[in-house]
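Single-letter residue listing:
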Amino acid sequence: MQRKRSIWNLLFPPRCPLCGSILKSGEEYVCRACEKEVKPVQHPYCMKCGKPIRRAEEEYCMDCQRVQHSFDLGRGTFPYRGKIQKSILNMKLHNKREYSEFFAWAMCRRWGRTILDWKVNLVVPVPMYGKKKRYRGFNQSELLADRIGRALVITVDNN
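Residues numbered from 1 in each chain as written. Predicted model: local features only at pLDDT ≥ 70, side-chain atom pairs only at ≥ 80, totals over all residues. Heavy atoms only, no water.

Trainee: How do you make sense of the packing of helix α4 (residues 82-93) against helix α5 (residues 99-117) when you look at a structure like this?
Mentor: The angle between the axes and the distance between the axes are what describe a pair of packed helices. α5 packs onto α4 with a crossing angle of 130° between their chain directions and a minimal axis gap of 9 Å. As far as their axial angle goes, α5 and α4 are oblique. Where α4 crosses over α5, the two elements pack in a sense that is left-handed. Judged by residue contacts, Ile84, Ser87, Ile88, Asn90 and Met91 of α4 engage Tyr99, Ser100, Phe102 and Phe103 from α5. Class assignment for the residues of the contact of α4 with α5 results in six nonpolar, three polar and no charged. (Axes fitted to C-alpha atoms, helices over the stretch in contact; angles between N-to-C directions. Helix = DSSP H or I, 4+ residues; strand = E, 2+ residues; numbered from the N terminus. Parallel < 35°, antiparallel > 145°, perpendicular 65-115°, else oblique. Left-handed = near helix turned anticlockwise from the far one by under 90°. Contact = heavy atoms within 4.5 Å. Nonpolar A, V, L, I, M, F, W, Y, C, P; charged D, E, K, R; others polar.)

What follows is the structure in structure tokens.
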């Protein structure tokens, strides 16, 4: 498998999912320039959805104060803006499935210990409407769930 991967990488070198540059030796998921530029969500963040908030006293972001969500708890890995926003849209709308490797790695790096501490025993990706899945050809949340499940050794149910 490793040899095939190396040959594959010679033919189709991996690119940074944030700027599109070819990754250099030692750059695994993202180029060094983008890694320095893009910072994960830190405290304070919304205690409901995980988005960054300005003041820790607020506890919840404006969205969570106004809207009742159908989930109990969420955590964000990066603020949804700039290069991150563009990369996510490219993954979802321009068939850049390989970008899911970076996002899954980043999620595990930022939240892996927390997920394991929560004793999660099953990951269920957010389902996608059939028409939208046929149009895109894949469900990005399934790709992320599969990679996160493998990395953290947690069962994934894509049904």
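Trainee: What is the right way to look at a nonpolar patch on the surface in this model?
Mentor: Together, Ile7, Trp8, Leu11 and Phe12 make up an exposed nonpolar region whose accessible area comes to about 460 Å². Within the secondary structure, Phe12 sits in the loop between α1 (2-11) and α2 (32-37). (Patch = residues over 30% accessible without salt bridge, like charges linked within 9 Å, V, L, I, M, F, W, Y side chains within 5 Å. Areas by Shrake-Rupley, 256 points an atom, 1.4 Å probe, with all protein chains shown as cover. Salt bridge = Lys/Arg side-chain N within 4 Å of Asp/Glu carboxyl O.)

Trainee: Quick question: what am I supposed to make of α5 here?
Mentor: Residue pairs spaced three or four apart in an α-helix point in one direction, given the helix's 3.6 residues per turn. Between the first and last C-alpha of α5 there are 27 Å, a value that for 19 residues agrees with the 27 Å anticipated at 1.5 Å per step. The sharpest bend along α5 measures roughly 65° and falls at Trp111. Looking only at α5, the buried set comprises Tyr99, Ser100, Phe102, Phe103, Ala104, Ala106, Cys108, Trp111, Gly112 and Ile115. Downstream of α5 by a residue or two, Lys119 has a phi angle that is positive, lying close to 60°. (Expected span 1.5 Å × (residues − 1). Bend = angle between axes of the 7 residues up to and from the residue. Buried < 20%, exposed > 50% of the residue type's maximum accessible area, 1.4 Å probe, protein only.)

Trainee: So what exactly am I meant to see when it comes to the nonpolar core here?
Mentor: In a soluble, globular protein the nonpolar side chains are often hidden away together inside. Counting 26 residues, the largest nonpolar core has Cys16, Leu18, Ile84, Phe102 and Phe103 as its most contacted members. Counting only elements with at least two residues in this core, the list comes to α4, α5 and α7 (140-152). In terms of residue count, α5 provides more of this core than any other element does, eight residues in total. Once residues lying within four places of it in the same chain are set aside, the contact partners of Phe103 are Ile84, Ser87, Ile88, Met91 and Leu144. Ranked by size, the runner-up nonpolar core spans five residues in total, among them Cys49, Ile53, Cys61 and Cys64. (Core = buried A, V, L, I, M, F, W, Y, C linked by side-chain atoms within 4.5 Å.)

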